[in-house]
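Overview (structure and organization)
Below, each chain spelled out in residue letters.
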Amino acid sequence: MSIKVGINGYGTIGKRVADAVAKQKDMKLVGVTAHSYSFNTEVAKQKGYKIFTTDGDEDFKLNGINPDGNLKNLLEQVDIIVDATPRKIGKENIEKFYKQKKVKAIVQGGEKHEAIGTSFVAQCNYNEALNKEYARVVSCNTTGLCRTLNALNKFDITSVHATMIRRGADPWDIYHGPINAIVPVLEMPSHHGPDVQSVLPKCQIFTTALSVPSTLMHLHSVIADVRKKVNVDDVIGVLNNTTRVRVVRNAEHLRSTAEIMEFARDLGRLRGDMPEICVWKEAIGTVSNGYNKLLYMQAVHQESDVIPENVDCIRAMMGFKDSDKSIKMTNETFGIK
Ligand SMILES: NC(=O)c1ccc[n+]([C@@H]2O[C@H](COP(=O)([O-])OP(=O)(O)OC[C@H]3O[C@@H](n4cnc5c(N)ncnc54)[C@H](OP(=O)(O)O)[C@@H]3O)[C@@H](O)[C@H]2O)c1
């Protein structure tokens, strides 16, 4: 029997999760919500998705869309809802709607770990979400750090310092910036370090962050102290064998976030997405000089790396026990390894 899934919040993350769910053989996309009428609603209609309103029908009817009901009606038809509403609304929705309707819910990285209790990255802690009522798929940056640090812990990481160079806004976003500044996050550590520990509790990590005038991807510069002597080829070997991570090379002319995104478009990915974390081969370095250090840089496509995580989180919460099988099934539908 298919898992019946609804999406509440049909924006950057929600529309991508909806398309991913629609592709899974063991899931049925029951419908998506629409908060205000926009081109997103038009696309949902064209794709044949049922549309459930969260703030009245009037605007939709004026624009020729006849909604299939409201959020409460959607909740009555699903086993699980993926909430991809803006920050803080997901937690409120659990209290206001999901608990009342006894529907399982996934929220996103804009919510705080403490409010939900379970934070999720499939290849790190799939089992923690097994049969849970509520779980949180962590943010794009935290997902990126967790995927590579979890794999590279093979070399016994003792501590990590990482700097997040963050895109100022998503490509469609005309409201945020900066457009001509580099803006440091004025808190130490930035929230990313503690957030990584919500998935990898033993990871001693300290993070700093800044925003730059770019919309394409985030870039992380990571320095890890490791117990084991490590060389670059071993690191590349581990990353090449890590799911949802891609080693990219200067030889391919993948030297920047711009070229990586062009590559994703050329691969024919839906929306030109790159859900894999891209680590630059030539930006991997090691030091063995009385102490062992491992350095690397990675690019994170903020709009898409968390999408496969939402799909696996649905399976885990619905009691599907085989994490490797879930990751494989999800990856196949994205065309990733
Ligand atoms: N974008 C990223 O890079 C990214 C990456 C990873 C995680 N996340 C997290 O994912 C979550 C969603 O972010 P997003 O970037 O997808 O936001 P977004 O693009 O702004 O989309 C949010 C959607 O939710 C709708 N909405 C607003 N209030 C609502 C309500 N009360 N009920 C139902 N729908 C409502 C919005 O509709 P209107 O347009 O009508 O307001 C919009 O369609 C956040 O927790 C965020 O931190 C974002």
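This is a predicted model, so every value here is computed, not measured. (Residues numbered from 1 in each chain as written. Predicted model: local features only at pLDDT ≥ 70, side-chain atom pairs only at ≥ 80, totals over all residues.)

So, on to the overall build of the chain. If you tally the helices and strands in the chain, you get 13 helices and 16 strands. In terms of C-alpha radius of gyration, the chain reaches 20 Å, essentially the compact-globule figure of 20 Å for 337 residues. Its C-alpha atoms give the chain principal-axis dimensions of roughly 65 × 45 × 40 Å. Burial analysis of the chain (337 residues in total) assigns 47% to the buried set. Of the contacts formed within the chain by residues at least 6 apart in sequence, a portion of 68% connects residues at least 24 apart. (Helix = DSSP H or I, 4+ residues; strand = E, 2+ residues; numbered from the N terminus. Rg over C-alpha atoms; globule rule 2.2 N^0.38 Å. Buried ≥ 20, exposed ≤ 12 C-beta atoms within 10 Å, placed from the backbone. Contact = placed C-beta atoms within 7 Å.)

Attention shifts here to the domain arrangement of the chain. What the domain assignment lists for the chain is domain 1 (3-138 + 306-334) and domain 2 (140-300). On a C-alpha basis, the centres of domain 1 and domain 2 stand 26 Å from each other. Listed as interface residues are 17 residues of domain 1 and, on the opposing side, 15 residues of domain 2. Residue composition of the side of domain 1 that touches domain 2, by class: eight nonpolar, seven polar and two charged. (Domains from an automatic or database assignment. Nonpolar A, V, L, I, M, F, W, Y, C, P; charged D, E, K, R; others polar.)

Among the 25 residues in the neighbourhood of the ligand, the closest are listed as Gly-9, Gly-11, Ser-36, Gln-108 and Gly-110. Split by residue class, the shell around the ligand holds seven nonpolar, 15 polar and three charged. (Near = placed C-beta within 6 Å.)

Attention now goes to helix α5 (residues 89-101). Between its terminal C-alpha atoms α5 stretches 17 Å, which fits the 18 Å expected from 13 residues at 1.5 Å a residue. Its axis deflected by about 40 degrees at Glu-95, α5 carries its strongest bend there. Those residues of α5 that fall on the buried side of the exposure criterion are Ile-89, Gly-90, Lys-91, Asn-93, Ile-94 and Tyr-98. On its buried face, α5 sits against β1 (3-8), β5 (80-83), β6 (104-107), α6 (113-116) and β8 (134-137). Note on α5: the residue one or two positions beyond its end, Lys-102, has a positive phi of about 55 degrees. (Expected span 1.5 Å × (residues − 1). Bend = angle between axes of the 7 residues up to and from the residue.)

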